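Each chain, letter by letter, is given below.
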Amino acid sequence: MLDARRGLPRPLCCFLLLFKIGLFTFGGGWSIVAQLQREFVDKRGWISKEDLLDIVSVGRSFPGIMVINIAVMFGYHVGGVPLGVIAAVGVAAPSVAVLSVVTVFYEQFRRNIYIARAMVGVRAAVVPIILSAAAGLRSIAIQEKVQYGIVLGGFLICLFLPINNILVVLLGAAAGLMLRGVRG
Amino acid sequence: MICLQLYWSYLKIGFCSFGGLSMIPFINQEMLAHHWMTMEQLSDIVAIAEMTPGSLGINCATFVGIQVAGLPGAIATTLGVMTPSLTVCMLACHFMVKFRQNRFLQNALYGVRPICIGMILAVAVPLGQANYFLNGAPLWPAVVIGAAAGALLLAKRSIPTVILAGALLGLVLVR
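Counting from 1, residues in each chain are numbered in the order their sequence is written. Going through the entries in the order they are written, you letter the chains from A and number the ligands from 1. Totals for whole chains, interfaces and linings use every residue, but because this is a predicted model, local features are given only for residues with pLDDT of at least 70 and side-chain atom pairs only at 80 or more, for both listing and counting.

## Section: the overall build of chain A
Operational definition: Counting from the N terminus, the helices are the DSSP runs of H or I reaching at least four residues and the strands are the DSSP runs of E reaching at least two. C-beta atoms are placed from the backbone for every residue, and two residues are taken to be in contact when these atoms lie within 7 Å.
Broken down by element type, chain A carries eight helices and zero strands. In sequence order, the secondary structure elements of chain A are arranged as α-α-α-α-α-α-α-α. Contacts in chain A between residues at least 24 apart in sequence constitute 53% of all its contacts with a sequence separation of at least 6.

## Some remarks on the overall build of chain B
The line we're drawing: To get the radius of gyration, use the C-alpha atoms; to get the globule rule, take the number of residues to the power 0.38 and multiply by 2.2 Å. To sort residues by exposure, count the other C-beta atoms lying within 10 Å of each residue's C-beta; 20 or more gives buried, 12 or fewer gives exposed, and values between give partly exposed, all with C-beta atoms placed from the backbone.
The helix and strand tally for chain B stands at seven helices and two strands. For chain B, the sequential pattern of α-helices and β-strands runs α-α-α-α-α-β-β-α-α. The C-alpha atoms of chain B give 20 Å as radius of gyration, which overshoots the globular expectation for 175 residues (16 Å, by more than 25%). Classification of the 175 residues of chain B by burial places 47% in the buried group. Looking at chain B alone, contacts between residues at least 24 apart form 48% of all its contacts between residues at least 6 apart.

## Quick notes on the domain arrangement of chain A
All names here are of chain A. As a reminder of what qualifies: The split of the chain into domains comes from an automatic or database domain assignment. Each residue is assigned to one class: nonpolar for Ala, Val, Leu, Ile, Met, Phe, Trp, Tyr, Cys and Pro, charged for Asp, Glu, Lys and Arg, and polar for all the others, Gly among them.
Segmentation of chain A into domains returns domain 1 (4-138) and domain 2 (142-184). Residue-level contacts link four residues of domain 1 with four residues of domain 2. The biggest single contributor to the side of domain 1 that touches domain 2 is helix H3 (residues 49-61), with three residues. The residue makeup of the side of domain 1 that touches domain 2, split by class, is no nonpolar, two polar and two charged.

## Focus: the domain arrangement of chain B
Domain annotation of chain B identifies domain 1 (2-98) and domain 2 (103-173). Between the C-alpha centres of domain 1 of chain B and domain 2 of chain B there is a distance of 25 Å.

## Concerning the packing of helix H6 (residues 140-154) of chain B against helix H7 (residues 159-173) of chain B
Residue and element names in this part refer to chain B. Condition: Fitting a line to C-alpha atoms yields each axis, with helices limited to the stretch in contact; the angle taken between N-to-C directions then spans 0 to 180 degrees. Roughly parallel means an angle under 35 degrees; roughly antiparallel, over 145; roughly perpendicular, 65 to 115; everything else is oblique. By convention, the crossing between two helices is left-handed when the near helix turns anticlockwise from the far helix through less than a right angle, and right-handed when the turn is clockwise.
The interhelical angle for the contact between H6 and H7, taken along N-to-C directions, is 155°, at an axis separation of 10 Å. One element, H6, and the other, H7, form an angle in the roughly antiparallel class. The two elements H6 and H7 cross, and the hand of that crossing is right-handed. Here H6 contributes Pro141, Val144, Ile145, Ala148, Ala149, Leu152 and Leu153 to the contact with H7, which in turn contributes Thr161, Val162, Ala165, Gly166, Leu169, Gly170 and Leu173. Of the residues assigned to the contact of H6 with H7, the class counts are eleven nonpolar, three polar and no charged.

## A look at helix H7 (residues 146-160) of chain A
Residue and element names in this part refer to chain A. Rules: For a helix, the expected span equals 1.5 Å multiplied by the residue count minus one. The reported arc concerns the directions from the helix axis to the C-beta atoms and nothing else.
If you check H7, its first and last C-alpha atoms are 22 Å apart, about what 15 residues at 1.5 Å a residue would give, namely 21 Å. For H7, the complete set of buried residues consists of Gln147, Ile150, Val151, Gly154, Phe155 and Cys158. One face of H7 carries all of its buried residues, which in axial projection span an arc of 135°. Counted as exposed and oriented over 90 degrees from the buried face of H7: Val146 and Phe160.

## What to know about the interface of chain B and chain A
Listed by partner, the interface residues are 79 residues for chain B and 97 residues for chain A. Looking at the side of chain B that touches chain A, the elements that each hand over two or more residues are helix H1 (2-16), helix H3 (39-51), helix H4 (56-98), helix H5 (103-132), H6 and H7 of chain B. The dominant element in the side of chain B that touches chain A, judged by the number of residues it contributes, is H5(B), at 26 residues. Considered class by class, the residues forming the side of chain B that touches chain A number 52 nonpolar, 24 polar and three charged.

## Observations regarding the nonpolar core
Stated precisely, the cut-off is as follows: In this usage, the nonpolar core is the set of buried Ala, Val, Leu, Ile, Met, Phe, Trp, Tyr and Cys residues whose C-beta atoms join them within 7 Å.
Of all hydrophobic cores here, the largest spans 116 residues; its most connected members are Ala71(A), Val72(A), Ala87(A), Ala88(A), Ile129(A), Ile130(A) and Ile120(B). In terms of residue count, the dominant contributor to this core is helix H4 (residues 66-104) of chain A (19 residues).

## Focus on the packing of H3(A) against helix H6 (residues 113-141) of chain A
Residues and elements named next belong to chain A. Where H3 meets H6, the closest approach of the two axes is 9 Å, and the angle between their N-to-C directions is 115°. The pairing of H3 with H6 is recorded here as roughly perpendicular in orientation. The two elements H3 and H6 meet at a crossing, and its hand is left-handed. Of the residues in H6, those in contact with Lys49, Glu50 and Leu53 of H3 are Leu137, Ile140 and Ala141. The class makeup of the residues in the contact of H3 with H6 is four nonpolar, no polar and two charged.

## Focus: the environment of Ala49(B)
Residue and element names in this part refer to chain B. Here Ala49 shows up in helix H3. As for Ala49 and Cys60, which are separated by eleven residues in sequence, their C-alpha atoms are 7.0 Å apart. The contacts of Ala49, once residues within four sequence positions are left out, are Leu56, Asn59 and Cys60.

What follows is the structure, encoded as structure tokens:
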């Protein structure tokens, strides 16, 4: 696998891995969380689970595309502004390349039965991938049982109330401050 | 000139939206106003964006950019839609790192982290409904593929492997 141990400089390694992650990010982009966790927390230890989860919560609640937000913040975290830019370009590049081809073959692509069948399979695989991301982050997000209540609350709010993600994150912050106190 | 217009348009879309399908209304407004896309093309691009890697925002930006002004157009639109991430989000990250050890922030994160897991779980529900059911009836091949993907993940297979396995099983099982 691509690795710094093979002598690749960090920016190049970052670009190539983010390119790979971008290539395999389907279904609204949540699988990027699972992929970053595997590549950079488990395999390489570039970033801690806490930091990744914080990036995800902030990236989710800022304007712009979530996947790009998360990539930029991840890159910035591991190597400042240059890596932030490299990470964003890396994760976006596969979409641009694939869509350029698709746009040219727009009509044929739309009607291709085999592509449609393969995509049913890909979409079916995306849900467990997203669940694995949530499961992987649990150990770091939850120190006390009461926090499962917050998980459940967030789940129900997002599922049933049409409210903005910023508000959800702010509600989480409010819950944290109420439980732990404003000054600790 | 047209590239500047495309950049500006997608810059607005980027700043107004919070990713995913919430971008549709903004994209719709801008595209129809400039006659860059028809309603039909817009619903097609949503389907195509779902079927190709990457987010709807980037995919849509590339599609429109190429149709309107070729590759330079695609670069302009993609940069436009990425600008909020490269500016606002980068700044936010800078401050987050700086105030890391702050007690107030720590206590807030005590609530933010679990709620973020709740958000991730909540995304899985509509996705599950859309991907495993068709008009209310279970789509058995998809259910089987989902279970197989879950098993592969538990066996610590890489995510690209799981996605490719899903695609292959889809070709074989789906009719």
